[in-house]
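Remarks on the overall topology
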Amino acid sequence: MTQTPKGLRLHIGLFGRRNVGKSSLMNLITNQAMSIVSEMAGTTTDPVEKTMEIQPLGPVVFIDTAGIDDEGSLGEARIKQTLHVMQKIDIAILVVEPNVWGTFEEKLVALFKEKKIAFMIVCNKIDQETPQESFMQILLEKTPCCVKMSATIGENKEVFFERIQEIIPTSWIKQPSLLGDLINEGDVIVLVVPIDLQAPKGRLILPQVQAIRDILDHDACCIIAKERELSYMLSQLKSPPKLVVCDSQCVLKTVADTPKDVRVTTFSILMARLKGDLNALSEGARMIHNLQEGDKVLIAEACTHHALEDDIGSVKIPRWLRQYSGVHLVIDHCSGKDYPENIAEYKLVIHCGACTLNRQGMLSRLQEAQKAGVPITNYGIAISVLQGVLNRSLEPFPLALMAYDEKE
Ligand code: SF4
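Reading the values: rules and limits
- Once a new chain begins, its residue numbering starts again from 1 and follows that chain's sequence as written.
- Only residues with pLDDT of at least 70 get local features here, since the model is predicted, and only at 80 or more are side-chain atom pairs given and counted; chain-wide, interface and lining totals rely on the full set of residues.
- As a convention, hydrogens and water are excluded, and side-chain values are obtained from all of the structure's heavy atoms.
- By the criteria applied, helices consist of DSSP H or I runs no shorter than four residues and strands consist of E runs no shorter than two, each listed in order from the N terminus.
- In this treatment the radius of gyration is a C-alpha quantity, and the globule benchmark scales as 2.2 Å times the residue count to the 0.38 power.
- Whether a residue is buried, partly exposed or exposed follows from its accessible area with a 1.4 Å probe, protein chains only, as a fraction of its type maximum: under 20%, in between, or over 50%, in that order.
- Here a residue-residue contact requires only that any non-hydrogen atoms of the pair lie within 4.5 Å.
- Fitted lines through C-alpha atoms give the axes, limited to the stretch in contact for helices. The angle between two N-to-C directions lies from 0 to 180 degrees.
- Two helices crossing with the near one rotated counterclockwise from the far one by less than a right angle form a left-handed crossing, whereas a clockwise rotation gives a right-handed crossing.
- For this classification, the nonpolar set comprises Ala, Val, Leu, Ile, Met, Phe, Trp, Tyr, Cys and Pro, the charged set comprises Asp, Glu, Lys and Arg, and every other residue, Gly included, is treated as polar.
- Marked domain ranges trace back to an automatic or database domain assignment.
- The definition of a nonpolar core used throughout is a set of buried Ala, Val, Leu, Ile, Met, Phe, Trp, Tyr and Cys residues joined through side-chain atoms within 4.5 Å.
- When the centres of two rings from Phe, Tyr and Trp lie within 6.5 Å, Trp using its six-membered ring, the rings pair. Their planes under 30 degrees apart give stacked, over 60 give edge-to-face, and anything left gives tilted.
- Each residue is tested against the molecule or strand, and it is near if at least one of its non-hydrogen atoms lies within 4 Å.
- Only protein atoms enter the calculation, which uses a 1 Å grid: trapped sets of points that fit a 1.4 Å probe without letting it out are cavities, open sets showing protein on both sides within 12 Å along at least five of seven lines are pockets, and any residue with an atom within 4 Å of a point is a lining residue.
- Grid points are joined across faces, edges and corners, and a volume is the space filled by probe spheres set on the points.
- Two strands pair if DSSP finds at least two bridges between them.
- Angle categories are assigned with fixed cut-offs, so that under 35 degrees is roughly parallel, over 145 is roughly antiparallel, 65 to 115 is roughly perpendicular, and the rest are oblique.

Next up on the list: the overall build of the protein. Within the protein, the secondary structure is distributed over 16 helices and 15 strands. Since a compact globule built from 408 residues should have a radius of gyration of about 22 Å, the 24 Å found for the protein is in line with a globular shape. Its C-alpha atoms put the protein at 75 × 50 × 35 Å along the principal axes. Relative to its full complement of 408 residues, the protein shows a buried share of 52%. Of the contacts made within the protein by residues no fewer than 6 positions apart, 74% connect residues no fewer than 24 positions apart.

This is the structure in structure tokens:
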């Protein structure tokens, strides 16, 4: 069975002191789960992530923060880890036991509110102790979404699942589609997919698969060609396609081979729109024109894939950037969960398409850079600037083009 990619799952963080019954709650949820796909523990203090299919929520990632809180206090290191989890969750569940509420819980609630994370409070273990009226009042002052339950015996299990559905953010339910809004029923869309050394063996990469699925969902047709065959393939079509979407690495050739009246964009630009904020990421690309001798640039990737020869992030973008700017740049790289705290040191962040991150995770990275006053852009936009074709590849998104304010 092919599993839903993690970046497309609802991310739920589980918080609470030691021994409040987070494990029993996880067991209850797990029993409801159709399958636990994987369990990924990092270091001993890292939160454990479990991906599963839960009825009625669908595909989710549970991030169990057990280990963050085992002294029942939020020390500096634990706050850091907690914040790290909060950067990527869509929903938080705070588990408490009857009649126990202190600064630990207060701080967590304050963080949920500060980060605008929808949350519910589970008052667990009601089979062992009855929560007092005044205690429930404290919880209800924090959020109307409170559930009294016993995860061990499953009491109020249905209420728990009903409540959790109520707090799923609308932004999650109404997530934008990758390219559905750009096409109509019956349109023909051409996808340009290079099959080079970096292409994974025997499969397509996630943004390509997502694009195909989105095109089919919108009752349109999709033709896939390698960049070498694009020109010939277009010449064989009776009428031009509605849109051509290419890998960023062949955007120059794709633009050259595609008639001017056909719109072109890249998978990475579509991902920038889906996962982040295309206008902000386009605006960030202006900084490419202003890089000075010795400036630091961060190239950030959301996964830790094995970089092959002529890798886009570690080789091609740095090379194009140095050629374009004509100055010596200090280029750092980060990948996977690592996202540096010293972001303010950089003059520019160039982020990958973030196909493995959920939207919340990418938006948090974007906000961190913006908070530090550092322009941030994405691979697709940066490559189009460096290749001198951004006017063309952002043509389907006029607001983003305005945000960039083309300077070439
Ligand atoms: S580098 Fe970024 S866009 Fe590329 S596969 Fe990894 S997460 Fe996806």
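So, on to the packing of helix α12 (residues 312-325) against helix α14 (residues 379-386). Across the interface, α12 lies against α14 with an axial gap of 10 Å and an inter-helix angle of 35°. Along this stretch, α12 crosses α14, giving a crossing that reads as left-handed. Across the interface between the two elements, I312, G313, I317, W320, L321 and Y324 from α12 touch Y379, I383, V385 and L386 from α14. Classifying every residue of the contact of α12 with α14 by side-chain character gives nine nonpolar, one polar and no charged.

A few words on the domain arrangement of the protein. Once the domains are mapped, the protein shows domain 1 (6-173), domain 2 (180-269) and domain 3 (279-405). A straight line from the C-alpha centre of domain 1 to that of domain 2 covers 42 Å.

By size, the foremost hydrophobic cluster in this structure holds 79 residues, and its most contacted members are L179, L321 and Y339. Both domains that furnish three or more residues to this core are identified here as domain 2 (180-269) and domain 3 (279-405). Not counting the four nearest positions on each side in its chain, L179 is found in contact with A211, D214, I215, L243, V245, L270 and R273. If you look at the next biggest cluster of nonpolar residues, it comprises 28 residues, including M26, F62, I164 and I168.

Summed over the entire model, instances satisfying the criterion amount to three aromatic pairs. Residues F15 and F112 carry aromatic rings whose centres are separated by 5.2 Å and whose planes lie at 65° to one another, so their mutual orientation is edge-to-face. Residue F15 is found in strand β1 (residues 10-16), and its partner F112 is found in helix α3 (residues 103-114); the two are separated by 97 residues along the sequence. Of the two residues examined, F15 and F112, each falls in the buried class. With 5.1 Å between their ring centres and 35° between their planes, F112 and F119 make a pair best called tilted. Comparing F112 with F119 shows no difference in burial state: the two are buried.

Turning to the site of the ligand, a few remarks are in order. In the vicinity of the ligand, the residues found are E301, A302, C303, H305, C352, G353, A354, C355 and T356. Broken down by class, the residue content of the shell around the ligand amounts to five nonpolar, three polar and one charged.

In this approach, a probe sized like a water molecule rolls over the atoms, and the result shows the empty space that is left. With the rule as written, the count across this model stands at two cavities of 30 Å³ or more. One number sums up the size of the second largest cavity: a volume of about 30 Å³. As for the second largest cavity, its lining consists of M271, A272, K275, L281, H351, C352, G353, A354, M362 and N378. In terms of residues, the lining of the second largest cavity owes the most to one element, helix α10 (residues 267-275), which gives three residues. Taken together, the residues of the lining of the second largest cavity sort by class into six nonpolar, three polar and one charged.

Across a sheet, strands are paired by hydrogen bonds formed along the backbone, either parallel or antiparallel in direction. The strand order across the open sheet built from four strands is β9-β8-β10-β11, with neighbouring strands paired in parallel fashion. Only two strands of the sheet have a single partner each, and these edge strands are β9 (221-225) and β11 (263-266). Adjacent strand axes in the sheet meet at a mean angle of 25°, parallel and antiparallel pairs treated alike. Sheet analysis places strand β8 (residues 188-192) next to strand β10 (residues 243-246), joined by four bridges and oriented parallel. Within β10, the position partnered with V192 by the bridge is C246. Running at roughly 175° to β8, helix α7 (residues 206-217) makes contact with β8 and β9 of the sheet. Set on the sheet, α10 makes contact with β8, β10 and β11; between it and β11 the angle comes to about 70°.

Before going further, it helps to spend a moment on the packing of α10 against helix α13 (residues 359-371). Two numbers describe a pair of packed helices, the interaxial angle and the distance between the axes. Packing of α10 against α13 leaves a shortest axis separation of 8 Å and a crossing angle of 90°. Judged on the interaxial angle alone, α13 and α10 are roughly perpendicular. Each of R273, L274 and K275 in α10 lies in contact with α13, whose residues at this interface are R359, M362 and L363. A breakdown of the residues in the contact of α10 with α13 according to their chemical character gives three nonpolar, no polar and three charged.

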